[in-house]
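Single-letter residue listing:
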Amino acid sequence: MNRNARRKHLSNAVVGLCGASVALALVPLFFVFFYVVKQGFSSLSWDFFTKMPKPVGEAGGGMANAIVGTLILIGLASLVAIPVGLISGIYLSEYPKSKLATAVRFTADVLNGIPSIVIGIFAYALVVLPVKHFSALAGGVALGFMMIPIITRTTEELLNLVPPTLREGALALGATRSRAAFTVMLPAALPGIMTGILVSLARISGETAPLLFTSFSNRFWSTTLSQPIASLTVQIYTYAISPYEDWHRQAWAGALVLVSVVFLFSVLARVVTKRLERMHRT
Amino acid sequence: MMEIVVNERAAETLVNLSATAAHPAMGAASLPVRMEARHLNFFYGASQALHDISILIREKSVTAFIGPSGCGKSTFLRCLNRMNDIIPDTRVDGDVLLDGRDIYRSDVDIVDLRRRVGMVFQKSNPFPKSIYDNVAYGLKINSTLSGSELTERVESALVRAALWDEVKDRLKTSALGLSGGQQQRLCIARALAVEPEILLMDEPCSALDPSATSKIEELIFELKERYTIVVVTHNMQQAARVSGETGFFMLGKLIEFDKTEIIFTKPRQKTTEDYITGRFG
């Protein structure tokens, strides 16, 4: 009896510890979120989405160029990272034990751990230096490099969860190895892979450091890929370190938009996964 | 004619048994050979899984392989369409001939080989696609059929796999919504759609309940009119019911290979007799 009571107490204590840890993890998140909403919401208006930044001293204005810029950068990064990530993920899962696969897996893990500013410097050397000016393209490449390892590893892991008997089924019908991978294995793993892609998008849309030496920033409306381009994160950074009260308020509004974008990607990831999974089942 | 065969399968089998027993020259032995293994050895890494297997597979008949788990019967089956090629660190020596040509020669088109030698797996493995797309898959990758031809071939494959009536109204729904037995018949339909000459079946009923099993068995019986079938099974009654010739595997060796009625009534080897009378395995 005594022993049972002790076990019960221990169990309760562990459950309590779990609850406390969850609270500890969530409390800062809620504080950040509510503070950003509180500070940002008052400065957020329709103008913020549609107008260009105003010079210092003039009230109003918005970040239309930065919002569009961020979307363009995310789009470019996706163009770079999704094909490369998907295909290398497929390779890793199809030939898991080859020497090249071991090297690719290790490289992806290292790349995933590299500080984002280093990725920025790399993209600077790769894209900015040869043409001698900042460009949206360079920013997209930098963000793309950050996405590649995430997509590669997610794709690999999710493909490994697909029963290998599906591959054999396709091969037995006369499919080549690559055909089986692209037409049977990949579609079967797609719901999860979509989640991985959206999570990686959420992750890079908040990056500032890799953009500082690549896409830089632009006070004007520009959608030209070979020119510097504004982005929400760099704009927030510039405004936040400025001494002007007006700009601070704009920065808070920008932060709110950014957090909402990340939130939206996360929600989208859940919805898309559910929807695709349901499509498979019925 | 075929319906009669199916419905009165048991009676027919008995008649066949007595007929072939009376005239050993008749029956399976008179059919032409489609596949042949000669002194086949197979290795997973350093461990040898198959030892010196030689066997003849005859056209339009059912050849069954029985034996305890891990005896190599599935491994051998997978050698017949080179499905083991995808397992790293495996090695084959000896020959497997399809119509007299060695399928392990380097100039053999493995995609073409697998189209001619189809396979149905132990656990049904429908693709997470619609019923229609499952059956059309092999056709789409192997040929350039028009939409209407494709639909026709899909229907005829489903009819041959005795599944058409159950799914004709829901071809566009997911194959994963079918029952286990239906999924296995879908996999058979999918294999039949590409018109293989030989159909390998790796314990096709081991995950099914008795009524689904008997449907698949009836199907095998019907299909042998048109196809050469090789079936691996744990279930000795099944081998006795459906096959013309039976091979008994143990520990990677082919202990005995003969007409089914001989294996089950007067096997030459003591081990075979012990196994089929249930003394082990």
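Quantities reported herein were computed from a predicted structural model and do not represent experimental measurements. (Residues numbered from 1 in each chain as written. Chains lettered and ligands numbered in written order. Predicted model: local features only at pLDDT ≥ 70, side-chain atom pairs only at ≥ 80, totals over all residues. Heavy atoms only, no water.)

(A) Summary view of the overall build of chain B. For chain B, the helix and strand inventory stands at 12 helices and 10 strands. Buried residues in chain B amount to 52% of all 281 residues. Counting only contacts in chain B whose residues sit at least 6 apart along the sequence, the fraction spanning at least 24 positions is 68%. Accessible area for chain B stands at about 12300 Å²; split by element, carbon and sulfur atoms hold 51% of it. (Helix = DSSP H or I, 4+ residues; strand = E, 2+ residues; numbered from the N terminus. Buried < 20%, exposed > 50% of the residue type's maximum accessible area, 1.4 Å probe, protein only. Contact = heavy atoms within 4.5 Å. Areas by Shrake-Rupley, 256 points an atom, 1.4 Å probe, with all protein chains shown as cover.)

(B) Structural context of the environment of T277 of chain B. Residues and elements named next belong to chain B. Tracing the chain through its elements places T277 in the segment after α12 (270-276). Classification of T277 as partly exposed rests on a relative accessible area of 46%. Along the chain, T277 and A49 lie 228 residues apart, while their C-alpha atoms are 25 Å from each other. In terms of polar contacts, T277 uses its side chain to reach the backbone carbonyl oxygen of E273, at 2.6 Å. (Polar contact = N/O pair within 3.5 Å; in protein donor to acceptor, adjacent residues only side chain to side chain.)

(C) Representation of the packing of aromatic side chains within the structure. Scanning the model with the defined rule gives 19 aromatic pairs over all chains in all. Ring centres 4.9 Å apart and planes at 15° place the aromatic pair F134 of chain A and F216 of chain A in the stacked group. Taken together, the residues span a long stretch of sequence, with F134 of chain A in the loop between α5 (116-131) and α6 (136-161) and F216 of chain A in the loop between α9 (209-212) and α10 (232-240) at a distance of 82 residues. The class of F134 of chain A is partly exposed, set by a relative accessible area of 25%. Classification of F216 of chain A by relative accessible area gives partly exposed; the value is 41%. Taking 5.2 Å as the distance between ring centres and 70° as the angle between the ring planes, the aromatic pair formed by F65 of chain B and F249 of chain B counts as edge-to-face. Separated by 184 residues along the polypeptide, F65 of chain B in strand β3 (residues 62-66) and F249 of chain B in strand β9 (residues 245-250) bring together distant segments of the chain. The class for F249 of chain B is buried, based on a relative accessible area of 0%. Aromatic ring contacts, followed pair by pair, group F30, F33, F34 and F263 of chain A into a single cluster. A cation sits over an aromatic face here: R177 of chain A above Y95 of chain A, 4.8 Å from the ring centre. Over the face of the ring belonging to F221 of chain B we find K224 of chain B, whose NZ or CZ atom lies 4.7 Å from the ring centre. (Phe/Tyr/Trp six-rings, centres within 6.5 Å; stacked < 30°, edge-to-face > 60°. Lys NZ or Arg CZ within 6 Å of the ring centre and 35° of its normal.)

(D) Here's a closer look at the side chain of S78 of chain A. All names here are of chain A. By the element assignment, S78 lies in helix α3 (residues 64-94). Taking the relative accessible area as the measure of exposure, S78 reaches 14% and is therefore buried. Contact partners of S78, with chain neighbours within four places excluded, come to P83, M147 and L201.

(E) Focus on the environment of D102 of chain B. Residue and element names in this part refer to chain B. Residue placement: D102 occurs in strand β5 (residues 101-102). Remark: the alpha-carbon pair of D102 and R38, spanning 64 residues in sequence, is separated by 10.0 Å. Those residues in contact with D102, other than ones at most four positions away along the chain, are D95, V96, L97 and V108. A polar atom in the side chain of D102 sits 3.0 Å from the backbone nitrogen of Y104.

(F) Quick peek at the packing of α6 of chain A against helix α8 (residues 177-205) of chain A. All names here are of chain A. At a minimum axis distance of 9 Å, the contact between α6 and α8 shows a crossing angle of 150°. With respect to their mutual orientation, α6 and α8 come out roughly antiparallel. Read as a crossing pair, α6 and α8 show a hand that is right-handed. Seen from α6, the contacting residues are L143, M146, M147, I150, I151, T154, T155, L158 and L159; seen from α8, they are M185, L186, A189, G192, I193, G196, I197, S200, L201, R203 and I204. A class-by-class count of the residues in the contact of α6 with α8 yields 14 nonpolar, 5 polar and 1 charged. (Axes fitted to C-alpha atoms, helices over the stretch in contact; angles between N-to-C directions. Parallel < 35°, antiparallel > 145°, perpendicular 65-115°, else oblique. Left-handed = near helix turned anticlockwise from the far one by under 90°. Nonpolar A, V, L, I, M, F, W, Y, C, P; charged D, E, K, R; others polar.)

(G) Molecular detail of a positive patch on the surface. There is a patch of like positive charges on the surface, built from R270, K274, R275 and R278 of chain A. Tracing the chain through its elements places R278 of chain A in helix α11 (residues 245-281). (Patch = residues over 30% accessible without salt bridge, like charges linked within 9 Å, V, L, I, M, F, W, Y side chains within 5 Å. Salt bridge = Lys/Arg side-chain N within 4 Å of Asp/Glu carboxyl O. Lys, Arg positive; Asp, Glu negative; His and termini not counted. Charge placed at Lys NZ, Arg CZ, Asp CG, Glu CD.)

(H) Broad picture of the interface of chain B and chain A. Taken together, the 27 residues of chain B in the interface contact 22 residues of chain A. Linking chain B with chain A are 1 salt bridge, by the criterion used here. Among the salt bridges present, the one from R78 of chain B reaches E168 of chain A, with a minimum N-O distance of 2.8 Å. Seen at the junction of chain B and chain A, the total is 5 residue pairs in polar contact (both at pLDDT 80 or more). Taken together, the elements giving at least two residues each to the side of chain B that touches chain A come down to α4 (110-116), β6 (117-120), α5 (131-142) and α8 (180-193) of chain B. Ranked by residue count, the leading element in the side of chain B that touches chain A is α5 of chain B, at 5 residues. Across the side of chain B that touches chain A, the residue classes break down as 14 nonpolar, 7 polar and 6 charged.

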